Amino acid sequence: MEVGSLPVELWRVILAYLPLPDLGRCCQVCRAWRELIFSLDNTRWRQLCLGCPECRHPNWPSQPHLEPPSWREALKQHALATRTWTQNGPELQSSACLLFFRRRKDRRIWHVGPGCEFETLRGALGVVGPYDRVILHPGVYEEQAEVALKVPVELVGLGRLGEVALLVCMDQQCPTARLCNLVFMPPWFSTVVYKTSWGHVQLDNCNFEGAQLQVRGPGTCQARFCSFSQGSSAHFLGVVLSLLDSCDFSGSDTASVTVEGPPVAERNWACKHLAALTRMFPTCVASETKSSAKDLPVGSTGGPHAPPAPPPSAANVKNNEDWRRRTGVDPQCQSTVIGDGWSDGEHSEGDEESRDREETNNAKKQFKLDYKIPWDCHGLSHLLETQPDGSVPLASSPDPPTTTPEPLTLQQELDRDPKAQMLAASTFGCILRRCLLRDGKGGVHLSNYGQARLEENVFRGLNYAVRCIQNSTIIMLRNEVCECRASGVFLRLSAQGLIAENNIHCNGEAGLDIRKGANPTIVCNKIHSGLRSGVVVLGNGRGSIRSNQIYNNKEAGIYILFSGNPEVSGNHIFQGQAGGIAVNENGRGMITDNVIRENQWGGVDIRRGSDPVLRNNYICHGYSDGVVVGEKGRGLIEGNHVYCNKGCGVWVMSSSLPQLLGNLIIHNHMYGLAVFCRKDPENIEAREGNWRGVDGDGQENFNEERELFAWESDLDSEDGRQSARRSISVALVESNCMSYNGVGLYVKSSEALNVFANLINNNRGPGVAVLQSGQLTRLATNCILENSRGGVSVEKDCRVELRGNGIYENSGHGISFSGNGQMVENDVVGNRYGIQVSGSADVKVIRNRVQPTQGSGIAVHGPVKGVVHDNILFQGHPGNKRSLLHMEPANESCALQNNNILIFLSVPPWRLENPPPRPQTNSSAGHSSSQHPSRLRISMTTRISATVESGCHSGSKFCSIL
């Protein structure tokens, strides 16, 4: 019979009446018939799948509204899974084959119920033979003592689910058994309704109401389409392998699933079949188009249920138009908030800048024709040179960066991490797949070296989703964890595992809580919309947190405190309602290669003895400061891109000892780097870490005295981490680029500061403004050029040393100095004015080379004390009528000695030679100048001990902590 003899539609109508065995036979006729049978997927195959009394919708219970990719494939998976319990014979040989067929032929069916062969379940089980089927008719069957299953048997409830109820406690003492379409309720003498310690049990389409399933290794269990309600739970002790597939857990009084103890060494016959089953079948869930972050609205900063926000696009993560639209601020942040004390008059900022710019341009036009002394070959000139490919270095580009790195995919992460790859492929312990755990106290609890694998489950409305303690191992892949009253996932006491591609959101506490030596690998998750932090690492917790998207959390995206020491790498942390990463209370951590953007508070906040490594991160487009180093904060901050933040690029406060090395700090609205003395006494609890420990019961319990033992401090990696870092006693700012900010460097502090070998250029205020410096601020071998309001401004009573700097072509004074200190061996060339010393300053001006475009080279105003000697002053142009070296006649306390004034006579042969233009530095090998300044060797390495004094500045209005 040819298929083409009738229309295909008519064939489909005819074939829709065939039972399953006949459909299988038709598939074997020919290829055309096979394709025709396959085309019935949404009709006859769907009808057969949903009509099977032993299974439910393939995507039940978590997504029953979604169609599976193939109804025929779903029915096939069910048919193969239901036969696992019969495969306990020896390897498939001819004799075993005959034995299997003989077993099927000899198999009997027994009926239990009113008017049947047996009225009680115990009576039927006393006579059944191996692999017999016992059919229980509708009714309630209760036994007053424990019932033992001594031969392999199949118990099947007749009718709809719920019509057959068992109030029994069964003890399986045989190799295998199957139970289907039954409701289990606890008898009066035990809450355990089924237990096995060495055999395999298969549960299909069963309900457990207020009862417990107990499996002890080497026993195994396979449960499909089962419901555990009214406080029911499953307890696995030392299991090697068990599978819970498409089960529903609700209303639990404790954990819904408990896995305790390491897998036993002995294996039963079902292990290899369950392992093959877990690897054979992919998920039935249709490939629902998951909301790619690129397809979501950019400005999603709403409440906890706001849709996910996008990660940056590879082509154009944050263009200038988008930044202007969202923040109301120009990408270059022209409207700069700058402190007073160094401005040149009462004119408005716009008028003053316009006037300054016009006068300076006119002067420079004349100056550049005939009088300019070349200075371009200074030690940091490579940071300003055009690259071989024609691109402009970021330090000299008027436009902020437009691209950031994309997070790695899970496969890329696994390829570079063999340990994570091994975990992802492992199939030991208890496996939960496509289950729904909801509306109870706990989800999955692992303890005492237990092992579990969770795939594509939904955890909703629990106190906690997963709690893993005591050296246990958890593998979580593609789960949804939401609306937990405490944290979503707890890891304690050396717990470990792999947590990947999960959607963790809208939880009452942290999405993930890592403490007491726990060391998981957390990769490629979405952690968002939490009522507190996204990830918390504390109490010597560790872990590797990589390539996650962490966004829209109410507190910090990642919070590290109390000696937490994780590796945080390659994450996108964005649109948080507080900070991006907060490190507090002696927190540590290796924080590298992250993109931290668009957070309401500081991108990274470091306080109270914390000492992380912050390296090669992109910290940008924040509504506050980029990096905040608060009171007693430390840390190595190296090679980061900090740009387009609405507050400051980097904010350093009192008593802190950070090392800022090789950072690119550009296009920030206020200051590039602000150093303030501030105690911040107000609102300390809210700002500086009101973190209370919350356990899985939703109760405050930081010490966790209910754990089985107390955890000792684990600082094994501390010595190695610290040995690679320079020891300092004074805050160090070295080899950074501070460009296109409001002010490059702003200092108002009572503590010592070392500023070495930085490039400070093109800022809209002065390059460096020192308004308060109770102890010595040392500025050495920096390049300060082309800033709009002067190079360096030092106010009254400040202690400052300037040595070996190159200060070029700034619009105001090269150096305006009213404090105490010394200016030694600086090149101050091309500025409108050279060096101005005023007020009651006590200063030494020694061996500087100065050339102004107009005005005096060195001007001493007021009762200045000190000495000005051995300086070289070059004439700017003949139109300058002011004296190159000027001091008020009434000043008798300042000595002018051996200064050399060079006047223009013919074409100037002037060069900055012996030494060449400053700063003079030696670049260390191994750093790319196109990305950020090189680490530089500085000859002046004297460290000054810092003392803590109370400050007076009110601080940035943007600076905040959790």
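See the structure printed just above.
The structure contained in this document is the topic of the report that follows. Values in this document were obtained by computation on a predicted structure and should not be read as measured data. (Residues numbered from 1 in each chain as written. Predicted model: local features only at pLDDT ≥ 70, side-chain atom pairs only at ≥ 80, totals over all residues. Heavy atoms only, no water.)

**A word on the packing of aromatic side chains**
Part 1 of the argument: On inspection of all chains with the given rule, the structure shows twelve aromatic pairs.
Part 2 of the argument: Ring centres 4.5 Å apart and planes at 10° place the aromatic pair Trp375 and Tyr808 in the stacked group. Taken together, the positions of Trp375 in the loop between helix 10 (349-370) and helix 11 (410-415) and Tyr808 in strand 63 (residues 806-808) put the pair 433 residues apart, joining distant regions of the chain.
Part 3 of the argument: Residue classification places Trp375 among the buried residues on the basis of a relative accessible area of 4%. (Phe/Tyr/Trp six-rings, centres within 6.5 Å; stacked < 30°, edge-to-face > 60°. Helix = DSSP H or I, 4+ residues; strand = E, 2+ residues; numbered from the N terminus. Buried < 20%, exposed > 50% of the residue type's maximum accessible area, 1.4 Å probe, protein only.)

**Overview of the pairing of strand 25 (residues 464-468)**
Part 1 of the argument: By the criterion of burial, strand 25 is predominantly enclosed, with five of the five residues buried.
Part 2 of the argument: Bridge count between strand 22 (residues 442-447) and strand 25: four bridges; the pairing is parallel. Considered in strand 25, the bridge of Leu446 is made with Cys468.
Part 3 of the argument: As paired strands, strand 25 and strand 28 (residues 489-491) are joined by three bridges and run parallel to one another. Pairing of Cys468 across the sheet is with Leu491, part of strand 28. (Pairing = 2+ DSSP bridges.)

**Things to note about a nonpolar patch on the surface**
Part 1 of the argument: A contiguous nonpolar surface patch, about 480 Å² in accessible area, is contributed by Leu6, Leu10, Val13, Ile14 and Tyr17.
Part 2 of the argument: Inspection of the secondary structure puts Leu6 in the segment before helix 1 (8-15). (Patch = residues over 30% accessible without salt bridge, like charges linked within 9 Å, V, L, I, M, F, W, Y side chains within 5 Å. Areas by Shrake-Rupley, 256 points an atom, 1.4 Å probe, with all protein chains shown as cover. Salt bridge = Lys/Arg side-chain N within 4 Å of Asp/Glu carboxyl O.)

**With respect to the packing of helix 1 against helix 3 (residues 31-38)**
Part 1 of the argument: Between helix 1 and helix 3, whose axes approach to 10 Å, the crossing angle comes to 70°. Judged by the inter-axis angle, helix 1 sits roughly perpendicular to helix 3. Along the contact surface, helix 1 presents Val8, Trp11, Arg12 and Leu15, while helix 3 presents Trp33, Leu36 and Ile37. (Axes fitted to C-alpha atoms, helices over the stretch in contact; angles between N-to-C directions. Parallel < 35°, antiparallel > 145°, perpendicular 65-115°, else oblique. Contact = heavy atoms within 4.5 Å.)

**Thoughts on the nonpolar core**
Part 1 of the argument: Leu155, Leu179 and Leu244 are the most contacted members of the largest nonpolar core, which has 133 residues in total.
Part 2 of the argument: Setting aside residues up to four positions removed in sequence, Leu244 forms contacts with Ala223, Phe236, Phe249, Val257, Cys430, Ile431, Leu432, Arg433 and Cys435.
Part 3 of the argument: In terms of nonpolar packing, the next biggest core, distinct from the first, is built from 21 residues, Ala395, Val595, Tyr618 and Leu759 among them. (Core = buried A, V, L, I, M, F, W, Y, C linked by side-chain atoms within 4.5 Å.)

Any functional reading would require information beyond the geometric quantities listed.
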